[in-house]
Amino acid sequence: VQLQASGGGLVQAGGSLRLSCAASGRTFRNYYMGWFRQAPGKEREFVAAVVWNGGSTYYANSVKGRFTISGDNAKNTVWLQMNSLKPEDTAVYYCAASFIVQTIMILTPAGYNYWGQGTLVTVSS
């Protein structure tokens, strides 16, 4: 499975960016996809996830109300709309896909089987 993330860049505080991630290379669908981010010197942290069956979404408290995850199950593509960006949102953003049926680990990196290469988001103050 290959995940291709795109859409990162430099934006001023209060601005918006939309990240995209397309999965390819596997014939059957994964169960959920998500976004994580990692700032310099910090651990990778959960941002948002979407479960294809039922459409449930999950968000980190730090991004609730500002970020929206959406996706196209048939195309194995997920987007992350990021509004009202803050300097503390600066990080490399990674998309990930999971073929694990249970969602008990959806908020942790261990709950995902495949990862994209990351796209850098820089928010200036």
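See the structure shown above.
In this report, the structure presented in the accompanying data block is examined.

1. Things to note about the overall build of the chain
Scanning the chain from terminus to terminus reveals 0 helices and 11 strands. At 14 Å, the chain has a C-alpha radius of gyration in line with the 14 Å of a compact globule built from 125 residues. Once the C-alpha set of the chain is aligned to its principal axes, its extents read approximately 45 × 25 × 25 Å. Looking at the 125 residues of the chain, the share that counts as buried comes to 40%. Excluding contacts between residues fewer than 6 apart, the proportion of contacts in the chain whose partners are at least 24 apart in sequence is 58%.

2. Here we look at the pairing of strand 1 (residues 2-6)
Residues Leu3 and Ala5 point to one face of strand 1 and are all buried, whereas Gln2, Gln4 and Ser6, pointing to the other face, are not buried. Examined bridge by bridge, strand 1 and strand 3 (residues 17-24) share 5 bridges and lie antiparallel to one another. Looking across to strand 3, one finds that Gln2 is bridged to Ser24.

3. What about the nonpolar core?
The biggest cluster of nonpolar side chains holds 35 residues, and the ones touching the most others in it are Trp35, Leu80, Met82 and Tyr93. Counting only elements with at least two residues in this core, the list comes to strand 1, strand 3, strand 4 (32-38), strand 5 (45-51), strand 7 (67-72), strand 8 (77-82), strand 9 (91-98) and strand 11 (119-124). Sort the elements by how many residues they give to this core and strand 5 lands first, with 6 residues.

4. Structural notes on the environment of Ser20
Following the sequence through the fold, Ser20 ends up in strand 3. The exposure class assigned to Ser20 is partly exposed, which follows from its relative accessible area of 21%. Sequence separation between Ser20 and Gly8 is 12 residues, and the spatial gap between their C-alpha atoms is 8.9 Å. Not counting chain neighbours up to four residues away, the residues in contact with Ser20 comprise Gln4, Ala5, Ser6, Trp35, Val78 and Trp79. In terms of polar contacts, Ser20 uses its side chain to reach the side chain of Trp79, at 3.4 Å.

Scoring rules and cut-offs
Residues numbered from 1 in each chain as written. Predicted model: local features only at pLDDT ≥ 70, side-chain atom pairs only at ≥ 80, totals over all residues. Heavy atoms only, no water. Helix = DSSP H or I, 4+ residues; strand = E, 2+ residues; numbered from the N terminus. Rg over C-alpha atoms; globule rule 2.2 N^0.38 Å. Buried < 20%, exposed > 50% of the residue type's maximum accessible area, 1.4 Å probe, protein only. Contact = heavy atoms within 4.5 Å. Pairing = 2+ DSSP bridges. Core = buried A, V, L, I, M, F, W, Y, C linked by side-chain atoms within 4.5 Å. Polar contact = N/O pair within 3.5 Å; in protein donor to acceptor, adjacent residues only side chain to side chain.

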